[in-house]
Amino acid sequence: MKIKYFSLFFCIVFFLAAANAAEPEGNKSWLDISKITRSSDLATVTLNQEWQFVAGKSETSWKTTFRRGIPFSLKGTLINLDTLCGKKSPVGTEAVLYNRFRADRDGIAQLGIGCDWWFEAYSNGILCASTMESGNETNHFAPSNNPFFLPVKKGENLLAIRVRRGSDSWQFSCGNIPFVIPELPQLCYGPWLGTPDAGKMSIRFVTCGKIGSGIKFRKRGDKNWQTSWDHLHGQILRRTFHRVHLSGLEKGAEYEYRIVMLDPEKPEKQIYAKNGKIYTFRVPDERQNEFSFFFTADLQFPFQRQKQLLNLLLKAANASDCDFYVLGGDIGNTFSSEDLFRGVLTQLSQFGGEKQPIVMLRGNHELRGKEADRYLYYFGNEEGVSYGIFRFGDTAFLILDCWEDKPAESRGAHYVRYNLDSLFLNETKEFLKKALASEKWTSATRRIVLAHGAPYSTFDGCMWMPFNLQKLTDPYFGGRNPKSRLNLWLAGHAHRYTRSIPGTNTLAAPPNPRKPHKGGKDYIYPVLTVAGPGGHSTMPVSAFRVDARAGKLIVSAFSPDGTCFEKIEISNDGNIKEIISLPHHNF
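Since we're looking at a predicted model, the values are computed, not measured.

*Asks:* Help me understand the pattern of salt bridges, please; the structure alone is not making it clear to me.
*Replies:* Two side chains of opposite charge can pair, provided their charged atoms sit close to one another. Here the structure, examined in full by the defined rule, presents 29 salt bridges. For Arg368, the salt bridge is made with Glu404, and the minimal N-O distance between the two is 2.9 Å. Remark: Glu404 occurs in the loop between strand E25 (395-400) and helix H6 (421-435) and Arg368 occurs in the loop between strand E23 (358-360) and helix H5 (375-379); sequence separation between them is 36 residues. Relative accessible area serves as the criterion here: at 10%, Arg368 is assigned to the buried category. Several salt bridges share partner residues, and in doing so they unite Arg218, Arg220, Glu254, Glu256 and Arg282 into one network.

If you want it as structure tokens, here you go:
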């Protein structure tokens, strides 16, 4: 697909801006092709059944002036133009094809053309697509050969196409096509930082079409840039979603980065996203003992409501100055990459996600939906899995994947049929054995678990998730004298805010918490669980801000109305001081 998207982009902006001059300035973001991600973003085009074939070299005004010639129609969207000439034309013969089509609104539409062998298409005088350099590149001629965007105005429009014959035939095809993201070297979503660790950082972003992309980066103050491509075994990958894992970075140093893309028409040409915009990030350093992070989960709301609630939580927690963010799973009812890209991830990016990492946890709802098996493609770590361990400052973080909340043989839940429970749990068990014996974990001053669920202190009607977590983690964290001591476990899933009081069957919570399936007498680490939809009538969701300071963790809980409704201080030796308290409930 060889399309002059840069020319098209700027011409469309000019065309539509002129057509909508009365629109208030600053409200034209919809003109950007990079924001077109689904068919509903496009105007609907109805081609005229009658086309005009004008033989010969084109005149100066051919792009904007309709001319009558030999009328024809596209039966099944395909015609051999030689039939209109009454003979086989020589190679290089030219003609112009006209179609006066209609659009249902001002905006951008999409069509497709196949041509043996060259063409260039103009919509209302604006160049939209051209194969004059490359040719059609396939001998199967159909509209899907060359999808392209075109600017349209409500009502009648003019499509003018210059065609040049190839050596075998003069086939021509044009029509509506299923929506296709173009090969446009522009950013569609992102960038976002992720999977932080001492000396490491990952960068993810989405391009408009299958574009070869990578990262240019350097330590701040250095003159020369290094390049890390999104590649597989040395071949740059042409795809829309990109991830680049950087390692060997100087701990604690500040780095600059920018996104570089290969022009699909001329791959030798490198293009910088957003005119070479430079982003920054700071590399985690295990010597650092002061930092902060934001945690929330269970954002299973309609798009606008989700956006509103997350925005309120971010503001309440003053999250823009946090060092990283944690999304604790169940961000939607099913896993949808598009919903995440255009929703929560873009929203976090505006709060600093371009320079502050986003740690993703998989909840049980991320195991559901048609895209569920793609979760690891988008959010797997460098090892390609959904669990792991990382260091941020002097604190070790254990990321756990809590899997589904019901076993694969459950009745009435078709989505669990794709799950290999035993295989996954055995792999996680092996991971835990190695991770908790690693120097990264054992040398840490503090240890925190980030997980969608919890092994105790919350109610779970299915019991599958806490039961599996108990089997996995109790050998290390359970008991009055655990093998490995935890400072904190953060969770979601239960949809009701609770905080366990270590070593007791007591919960700190708003009124009327549900009785937990297991008490905490045999656990000396606290579990704090965020609220979620349907849990509390006045608290549809909540968030934590955790501030790590020398010798202690300060955990503040926020509701969407901006209230900090609980605040505690956890010293490194496990003692807990309540600064803002909730009622205590004994079970």
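This is not the end of the story, as more comes after the structure.
*Asks:* Sorry, what's going on with the sheet that holds strand E30 (residues 527-529) here?
*Replies:* Strands pair in a sheet through their backbones, by hydrogen bonds, and they do so in one of two ways: parallel or antiparallel. Reading across the sheet, the eight strands line up as E24-E25-E26-E27-E30-E28-E29-E35 and stay open at both edges, with mixed pairing between neighbours. Each end of this open sheet is capped by a strand with a single partner; those strands are strand E24 (388-392) and strand E35 (584-586). Sheet twist, expressed as the mean angle between neighbouring strand axes with direction ignored, is 20°. In this structure, strand E26 (residues 446-451) lies alongside strand E27 (residues 488-491), joined through three bridges in parallel fashion.

*Asks:* Looking at this model, I keep getting lost on the environment of Asn124. Mind explaining?
*Replies:* Looking at the secondary structure, you find Asn124 in the loop between strand E7 (117-123) and strand E8 (126-130). Polar side-chain contacts of Asn124 include one of 2.9 Å to the side chain of Asn157.

*Asks:* Teacher, can you tell me more about the nonpolar core here?
*Replies:* Side chains that are nonpolar tend, in soluble globular proteins, to be buried together. Of all hydrophobic cores here, the largest spans 37 residues; its most connected members are Phe294, Phe341, Leu345 and Phe379. Those elements that place two or more of their residues in this core are strand E12 (184-197), strand E13 (200-219), helix H3 (303-316), strand E22 (324-327), helix H4 (337-353), E23 and H5. It is H4 that provides the largest number of residues to this core, a total of six residues. Excluding residues that lie within four positions of it along the chain, Phe294 makes contacts with Leu310, Leu313, Leu314, Ala317, Ala319, Cys322, Phe324, Tyr325, Val326, Ala543 and Phe544. Formed by 33 residues, the second largest nonpolar core is a distinct cluster that contains Ala297, Val359, Phe397 and Ala508.

*Asks:* Honestly, unusual backbone geometry in this entry has me stumped. Any pointers?
*Replies:* The phi angle of most residues is negative, glycine excepted, and most peptide bonds adopt the trans form. With an omega of 20°, the peptide bond between Asp116 and Trp117 qualifies as cis. Here Trp117 is to be found in strand E7. For the bond from Gly190 to Pro191, the omega torsion is 5°, close enough to zero to count as cis. Residue position: Pro191 is located in strand E12. At Asp330, a residue that is not glycine, the phi angle is positive and equals roughly 55°. For Asp330, the location among the structural elements is in the loop between E22 and H4.

Scoring rules and cut-offs
Residues numbered from 1 in each chain as written. Predicted model: local features only at pLDDT ≥ 70, side-chain atom pairs only at ≥ 80, totals over all residues. Heavy atoms only, no water. Salt bridge = Lys/Arg side-chain N within 4 Å of Asp/Glu carboxyl O. Helix = DSSP H or I, 4+ residues; strand = E, 2+ residues; numbered from the N terminus. Buried < 20%, exposed > 50% of the residue type's maximum accessible area, 1.4 Å probe, protein only. Pairing = 2+ DSSP bridges. Axes fitted to C-alpha atoms, helices over the stretch in contact; angles between N-to-C directions. Polar contact = N/O pair within 3.5 Å; in protein donor to acceptor, adjacent residues only side chain to side chain. Core = buried A, V, L, I, M, F, W, Y, C linked by side-chain atoms within 4.5 Å. Contact = heavy atoms within 4.5 Å.

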